[in-house]
Each structure stands twice: as C-alpha cells, then as structure tokens.
Amino acid sequence: RWITAFENHHRFFEFVGKQMIALGYLPLFLPFFLLIRSDGQGLLWIFFLLAVTYAGDTGAYYVGRAIGRHKLASFISPQKTVEGSLGGLAANVLVAWGFRQVFFPQYTASSLMLLGLLAGAVGQIGDLVESILKRIARVKDSGNLFPGHGGFLDRVDSLLLTAPLVYFFLIFFRA
C-alpha cells in the first residue's frame, strides 16, 4: 500500500539520493565547529570564521553589484560574477589580516592572509555546492527563516566547508 505513494516510482532512486545528500551534508561538517571551539582560543577562531566568511559574502555582493560584468557560473548561480568573487576574496584577506593584527599576533600575516584567501575560495565553492543542491531539489530558497537571504543553508553553506579548513589550519600551523 505505501508503494502507491510513489507516483513517480521511476524516480525513486533520484528521490532517495537527494535525501541521502541532505542527511549527510550537515552532520558531516557541523562537528568541526565543536572541534574548533575546543581550542584554547576557539571562540576567537569561531569569530574569525564567521567574520571572514561573511565579509567575503558581503564583499562579493557589493563589488558584484557595482562592477560585476562577467558571469562566474551562470548555469549554477546566475547572479554571481567574477568581479564579485574577486571582491569577496579581497574582503576575506583584509578581515583575516585585521584578525592577525588584533587577535592573533603569534601568527605571521602571510599565514593568516593565506588562510583568509583559502577560506574565501572554499566558502565560494560551498555556496556554489549549495546552489547545485537547491537546483537538484528544484527550490529557490532553502527556507524562509532569514527573509531575503535564501534560508538557513544559504547563511551557513560557506561556513560548512570553511570550518574544516580552519580546524586543520589550527592542527597543522599551531603558533
């Protein structure tokens, strides 16, 4: 009887595949926040992660709106531009440099700026991955918790992939 609920039974594996991606996406990456927090300066590193990631999102948005002409990946996310992407990366590096100056003087400026640049690049990839997942699921927004921001996943998509990067930076480049 329950099988009749699947009107499009020929798309059963597509449906199950989408559910498996959704079940694995958050639990795979969220624990890195706990791992980062367990560091002696964990709260500052979480703040670093949030500030660098959101500065990149903000920089990309404003630079892209102001001077964006060349599409980055129009088939995935039609509004993103190369200029916006570069503006976001510049904001990532600038905020990382600021954190080095104020909170993490024990690290070299180049190491924190490189971390900011990598976090920005990985964050942009995370944003595009989430856009792909939304396209697969055929939804525009991942929810309406944050009106105008596309939903909860749109707010954390970049963070989910940058958290492991910051964690491994802490492990391998401890000052």
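Residues numbered from 1 in each chain as written. Predicted model: local features only at pLDDT ≥ 70, side-chain atom pairs only at ≥ 80, totals over all residues. Heavy atoms only, no water.

Q: Talk me through the side chain of E83; I want residue IDs and the actual numbers.
A: Mapped onto the elements, E83 comes out in helix 4 (residues 82–102). For the buried E83, which has no salt bridge, the nearest side chain bearing the opposite charge is R69, at an N-O separation of 7.0 Å. Within polar-contact distance, the side chain of E83 engages the side chain of H70 at 2.4 Å. Residue contacts for E83: discarding those within four places in its chain leaves V63, I67, G68, R69 and H70. (Helix = DSSP H or I, 4+ residues; strand = E, 2+ residues; numbered from the N terminus. Buried < 20%, exposed > 50% of the residue type's maximum accessible area, 1.4 Å probe, protein only. Lys, Arg positive; Asp, Glu negative; His and termini not counted. Salt bridge = Lys/Arg side-chain N within 4 Å of Asp/Glu carboxyl O. Polar contact = N/O pair within 3.5 Å; in protein donor to acceptor, adjacent residues only side chain to side chain. Contact = heavy atoms within 4.5 Å.)

Q: Please set out the packing of helix 3 (residues 42–67) against helix 4 residue by residue, giving values where relevant.
A: For the pair helix 3 and helix 4, the least separation of the axes is 6 Å and the interaxial angle reads 150 degrees. Relative to helix 4, the crossing made by helix 3 is right-handed. Its residues assigned to classes, the contact of helix 3 with helix 4 shows 13 nonpolar, eight polar and one charged. (Axes fitted to C-alpha atoms, helices over the stretch in contact; angles between N-to-C directions. Left-handed = near helix turned anticlockwise from the far one by under 90°. Nonpolar A, V, L, I, M, F, W, Y, C, P; charged D, E, K, R; others polar.)

Q: Before we move on, can you summarise the side chain of R100 with the specific residues and values?
A: Structurally, R100 can be placed in helix 4. Discounting chain neighbours no more than four positions away, the residues touching R100 are P105, Y107, T108, A109 and L112.

Q: Pulling in residues and values, what's your account of the packing of aromatic side chains?
A: This model, assessed by the stated rule, comprises 19 aromatic pairs. For the ring pair Y167 and F168, a centre distance of 5.2 Å and an interplane angle of 65 degrees mean the geometry is edge-to-face. Look at Y167 and you get buried, because its relative accessible area is 18%. A relative accessible area of 37% places F168 in the partly exposed class. Of the aromatic side chains, those joined through ring pairs into one cluster are W45, F47, F48, F99, F103, F104, Y107, F169 and F173. (Phe/Tyr/Trp six-rings, centres within 6.5 Å; stacked < 30°, edge-to-face > 60°.)

Q: Requested: an account of the nonpolar core, with residues and values cited.
A: Soluble globular proteins tend to bury their nonpolar side chains together. Ranked by size, the top nonpolar core spans 26 residues in total, and within it I36, W45, F48 and V166 carry the most contacts. Listed by contribution, the elements that provide at least two residues to this core are helix 1 (12–29), helix 2 (31–37), helix 3, helix 4, helix 5 (109–137) and helix 6 (152–172). Here this core takes nine residues from helix 6, the largest share from any one element. Look past the residues within four positions of F48 in its chain and what remains in contact with it is A96, F99, F104, L112, L115 and V166. (Core = buried A, V, L, I, M, F, W, Y, C linked by side-chain atoms within 4.5 Å.)

Q: Could you give an account of the pattern of salt bridges, with specific residues and numbers?
A: Across all of its chains, the model carries one salt bridge by this definition. Here D127 and K80 are joined by a salt bridge, their closest N and O atoms 2.7 Å apart. Taken together, the residues span a long stretch of sequence, with D127 in helix 5 and K80 in strand 2 (residues 77–81) at a distance of 47 residues. The exposure class of D127 is buried, given its relative accessible area of 15%.

Q: Now, about a nonpolar patch on the surface: what can you tell me, with residues and values included?
A: A contiguous nonpolar patch, built from F168, I171, F172 and F173 and spanning about 440 Å² of accessible area, is present on the exposed surface. Within the fold, F173 resides in the segment after helix 6. (Patch = residues over 30% accessible without salt bridge, like charges linked within 9 Å, V, L, I, M, F, W, Y side chains within 5 Å. Areas by Shrake-Rupley, 256 points an atom, 1.4 Å probe, with all protein chains shown as cover.)

Q: With reference to specific residues and values, describe the environment of S85.
A: Mapped onto the secondary structure, S85 falls in helix 4. Using a relative accessible area of 11% as the deciding quantity, one classes S85 as buried. Considering only alpha carbons, one finds S85 and G59, 26 residues apart in sequence, at a separation of 8.2 Å. Ignoring anything within four residues of it in the chain, the contact list for S85 reads L72 and Q124.

Q: I'd like to hear about helix 3, residue by residue, with values.
A: When the terminal C-alpha atoms of helix 3 are compared, their 37 Å separation across 26 residues agrees well with the 38 Å that a helix rising 1.5 Å per residue should span. For helix 3, the set of buried residues is G42, W45, I46, F48, L49, V52, T53, A55, G56, G59 and G64. (Expected span 1.5 Å × (residues − 1).)

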